[in-house]
Amino acid sequence: MKILVINAGSSSLKYQLFNMTNGEVLAKGLCERIGIDGAITHKRPGKENFEKEVALPTHDEALSLVLELLVSAEYGVVASIDEIGAVGHRIAHGGEKYGCSSLIDDEAVAYLETIIPINPLHGPPAIKGIKACRRLMKNIPQVGVFDTSFYSQIEDFRTIYPLPYELYSENKIRRYGFHGTSHRYVSAKAAEMLNKEPSELKIITCHLGNGSSITAVDKGIAIDTSMGFTPQEGIPMGTRSGSIDPSVIPYIMKAKNLSADEVEDLINRKSGLLGVSGISSDSRYVEEAALKGDYRAQLAVKMLANSIKKYIGSYIAEMNGIDALVFTAGIGENSDMLRKMVCSELDFFGIKIDEDKNKSIPRGSAADISDECARVKTLVIPTDEEYMIALDTLNLCKEQ
Ligand code: AMP
């Protein structure tokens with residue numbers, strides 16, 4: 001079966017078409033600046049890319065163009081849209097309803113609309129993407145794969161905040177967790193690499209990219225995660241502060257005379273690596289400056305490594321052990337410097353990496369970077385959320 005994976009953002013629409021017989025990516029691309037002016041990049045492995053600035057007033061026009069390209073004589077990869085067996089949608093938030101991937105029908109769309117208040121940034125564009133696909137691909141099953149669903153089995157004493165209980169029962173304020181599809185994918189891959197069943201393993205997965213989160217996976221089930229009610233909680237990120245003393249927020253609002261939106265912008269877009277270093281949100285530039293001796297860049301990198309270390313320690317305590325530590329996403333897969341800083345002086349827990357292996361991972365490859373004498377395996381695994389979405393979509397469609 002061929003499966004189209006859609007990831008709709010507020011002004012973008014990413015897509016990948018998989019042939020699930022062999023997992024091959026037939027085509028992928030990105031529609032950008034939807035609702036502004038518009039551009040598309042359409043790629044097929046080993047072939048010339050198609051790039052064009054083109055008016056894309058809404059997600060409907062963007063998807064129409066994608067479908068046109070997928071069947072076009074020049075840039076197409078299928079003879080007809082009917083060859084696409086199903087569409088899998090990346091949906092950041094499934095609220096409390098979706099503990100696993102699910103077929104999207106009218107009722108599902110209606111539910112996703114009800115949880116927009118707790119998912120104001122990612123909810124509306126995801127719904128637009130779903131509606132566009134349902135309109136333009138009428139008879140093709142649509143599946144939602146939710147970033148939050150991997151966390152549906154986390155126990156309530158780990159998800160409910162120590163606030164007045166009514167804020168949970170009435171307003172649904174609790175930890176939901178994000179990046180679940182990535183953590184689920186790499187934890188399953190780790191078990192495969194170690195030739196073990198997930199049920200035999202205690203794994204800590206570190207998804208370190210522009211947004212970052214850490215998850216404790218015990219016997220294949222996520223038992224805790226660093227992101228919370230929003231993707232703001234947890235470790236410092238490219239531009240997000242991660243966890244801070246909550247009283248800092250009202251203090252800054254009063255001291256700097258900032259509105260709620262302004263302070264939200266400050267902690268979401270002006271903090272983290274960018275805010276501390278004053279250089280960039282991109283860890284490559286921050287690391288480069290740190291190596292040249294820039295104090296604030298060093299501070300940012302040390303802060304990030306230390307925060308990751310603290311989560312690793314606390315998750316080892318929560319799981320009463322660890323068998324494997326996994327690094328993934330842009331920073332996790334590419335920064336040997338950060339991996340080395342995180343793993344230094346963790347030998348008490350049995351975590352020790354081989355410095356040569358850590359430095360010589362071919363780009364895009366999975367690798368075991370553990371020292372020979374380490375009790376815990378340290379793995380670098382490229383994430384593939386789109387493939388995971390396609391796989392869930394396939395499995396759900398097979399069940400129907
Ligand atoms: P992602 O959100 O997973 O796409 O990750 C993007 C981030 O990965 C970038 O903003 C960089 O901070 C980081 N990154 C990518 N390549 C490298 C590298 N070679 N060294 C350090 N960080 C990197």
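Above this text you will find the structure in question.
Okay, so let's go over this structure. If you're wondering where the values come from, they're calculated on a predicted model, not measured in any experiment. Sequence order as written defines the numbering, with residues in each chain counted from 1. Local features are withheld for residues below a pLDDT of 70 in this predicted model, meaning they are given only at 70 or higher, and side-chain atom pairs are given and counted only at 80 or more; totals for whole chains, interfaces and linings count all residues. Derived side-chain values reflect all non-hydrogen atoms in the structure, with water molecules and hydrogen atoms excluded from consideration.

A word on the packing of helix 6 (residues 180-193) against helix 15 (residues 385-399)
Relative placement of two packed helices is described by the angle separating their axes and the distance separating the axes. To keep things clear, this is the line we draw: Only the contacting stretch of a helix is used when fitting its axis, a line to C-alpha atoms as for every element, and angles between N-to-C directions run 0 to 180 degrees. Only DSSP runs of H or I covering at least 4 residues are called helices, and only runs of E covering at least 2 are called strands; the numbering of each starts at the N terminus. Roughly parallel refers to an angle under 35 degrees, roughly antiparallel to one over 145, roughly perpendicular to one between 65 and 115, and oblique to any angle outside these ranges. In this description, contact between two residues means that some pair of their heavy atoms is separated by no more than 4.5 Å. Each residue receives one of three labels: charged for Asp, Glu, Lys and Arg, nonpolar for Ala, Val, Leu, Ile, Met, Phe, Trp, Tyr, Cys and Pro, and polar for the others, Gly being one of them.
One way to put it is that helix 6 packs onto helix 15 with a least axis distance of 9 Å and a crossing angle of 85 degrees. By the angle class used here, helix 6 and helix 15 are roughly perpendicular. Residues Thr181, Ser182, Arg184 and Tyr185 of helix 6 form the contact with helix 15, whose participating residues are Glu385, Tyr387, Met388, Ile389 and Asp392. The class makeup of the residues in the contact of helix 6 with helix 15 is four nonpolar, two polar and three charged.

So, the pattern of salt bridges
What counts here: By convention in these notes, a salt bridge is any Lys or Arg side-chain nitrogen within 4 Å of a carboxyl oxygen on Asp or Glu. For every residue, the accessible area obtained with a 1.4 Å probe (protein chains only) is divided by the maximum for its type, and the residue is called buried under 20%, exposed over 50%, and partly exposed between those limits.
Tallied over the full model, the rule gives 21 salt bridges. Its salt-bridge partner being Asp147, residue Arg90 comes within 2.7 Å of it at the nearest N-O pair. Taken as a pair, Arg90 in strand 6 (residues 84-91) and Asp147 in the loop between strand 8 (142-146) and helix 4 (156-159) lie far apart in primary sequence, 57 residues in all. As far as burial versus exposure is concerned, Arg90 and Asp147 are alike and both buried. For Asp218, the salt bridge identified is with Lys219, shortest N-O distance 3.9 Å.

Points about the site of the ligand
Our working definition: Residue proximity to a molecule or strand is established when one non-hydrogen atom of the residue lies within 4 Å of it. We call two N or O atoms a polar contact when they sit within 3.5 Å, provided that within protein one can donate a hydrogen and the other can accept it, with sequence-adjacent residues counted only if both atoms are side-chain atoms. Working definition of accessibility: Shrake-Rupley area with a 1.4 Å probe, residue cover restricted to the visible protein chains.
Taken together, the neighbourhood of the ligand is formed by Gly209, Asn210, Asp282, Ser283, Arg284, Ala329, Gly330, Ile331, Asn334 and Ser335. A distance of 2.7 Å separates a nitrogen atom of the ligand from a polar atom in the side chain of Ser283. One of the backbone nitrogen or oxygen atoms of Gly330 is found 2.9 Å away from an oxygen atom of the ligand. Coverage of the ligand by the protein amounts to 74% of the 500 Å² it exposes when considered alone. Broken down by secondary-structure element, the contributors of at least two residues to the shell around the ligand are helix 10 (283-291) and helix 12 (329-334). A total of four residues in the shell around the ligand trace back to one element, the largest contributor, which is helix 12.

Some remarks on the state of the cysteines
As a reminder, the rule being used: Cysteine sulfur atoms are paired as a disulfide whenever they come within 2.5 Å of each other.
On inspection of all chains with the given rule, the structure shows zero disulfides. In this structure Cys100 is not part of a disulfide, and its nearest cysteine sulfur, from Cys397, lies 14 Å away. Cysteine Cys373 remains unbridged, with the sulfur of Cys343 as its closest cysteine sulfur at 13 Å.

Focus: the sheet that holds strand 6
Condition: When DSSP finds at least two bridges between two strands, those strands are taken to pair.
In space, the eight strands of this open sheet follow the order 5-4-3-2-1-6-8-7, with mixed pairing throughout. In the strand order of this sheet, the two ends are held by strand 5 (50-53) and strand 7 (102-103), each with one partner. Here strand 3 (residues 24-32) pairs with strand 4 (residues 39-43) via five bridges, running antiparallel. Bridging across to strand 4, Cys31 finds its partner in Ile40. Where helix 1 (residues 59-71) meets the sheet, it contacts strand 1 (2-8), strand 2 (13-19), strand 3, strand 4, strand 5 and strand 6, and its direction lies at approximately 30 degrees from that of strand 4. Helix 3 (residues 123-136) contacts strand 1, strand 6 and strand 8 of the sheet and is inclined by roughly 170 degrees relative to strand 6.

Describing the pairing of strand 5
The sheet contact formed by strand 4 and strand 5 spans four bridges and is antiparallel. What sits directly across from Ala39, in strand 5, is Glu53. Remark: six residues form the turn of the hairpin made by strand 4 and strand 5, two consecutive strands paired antiparallel; Gly46 in that turn has positive phi of roughly 75 degrees.

What to know about the packing of helix 2 (residues 106-114) against helix 3
Put simply, the rule is: Note: crossing handedness is left-handed where the near helix turns anticlockwise from the far helix by less than a right angle, and right-handed where it turns clockwise.
Running from amino to carboxyl end, helix 2 crosses helix 3 at an angle of 160 degrees, the nearest separation of the two axes being 11 Å. Between helix 2 and helix 3, the angle falls in the class roughly antiparallel. Taken as a pair, helix 2 and helix 3 cross one another with a handedness that is left-handed. Residue-level inspection shows Asp106, Val109, Leu112 and Glu113 of helix 2 in contact with helix 3, the latter providing Ile127, Ile130, Lys131 and Arg134. Of the residues contributing to the contact of helix 2 with helix 3, the split by class is four nonpolar, no polar and four charged.

Considering the packing of aromatic side chains
One pair of aromatic rings is described through two measures. These are the centre distance and the angle between the planes. Inclusion rule: We call Phe, Tyr and Trp rings a pair once their centres come within 6.5 Å, taking the six-membered ring for Trp, and we label the pair stacked below 30 degrees between planes, edge-to-face above 60, and tilted otherwise. Over a ring means this: the NZ of a Lys or the CZ of an Arg is within 6 Å of the ring centre and within 35 degrees of the ring normal.
Enumeration according to the criterion identifies nine aromatic pairs in this entry. A ring pair is formed by Phe50 and Tyr75, whose centres lie 4.7 Å apart and whose planes are at 55 degrees; its orientation type is tilted. Here Phe50 is found in strand 5, whereas its partner Tyr75 is found in the loop between helix 1 and strand 6, with 25 residues between them in sequence. Here Phe50 and Tyr75 have matching classes, each one buried. A network of ring pairs unites the aromatic residues Tyr98, Tyr111 and Phe146 as a single cluster. Sitting over the ring of Tyr111, Lys97 keeps its end group 5.6 Å from the ring centre. One Lys or Arg, Lys172, reaches over the ring of Tyr168 and ends 5.1 Å from the middle of that ring.

Quick notes on the sheet that holds strand 13 (residues 367-368)
Across the sheet, six strands lie side by side as 11-10-9-12-14-13; this open sheet has mixed pairing. Edge strands, defined here as strands with exactly one partner in the open sheet, are strand 11 (221-225) and strand 13. Here strand 12 (residues 324-328) pairs with strand 14 (residues 377-380) via four bridges, running parallel. The partner of Val326 across the bridge, within strand 14, is Leu379. Its contacts with the sheet place helix 6 against strand 9 (202-208), strand 10 (212-218), strand 12, strand 13 and strand 14, and it is angled at close to 130 degrees to strand 9. Docked against the sheet, helix 13 (residues 336-343) engages strand 9, strand 12 and strand 14, running at close to 150 degrees with respect to strand 12.

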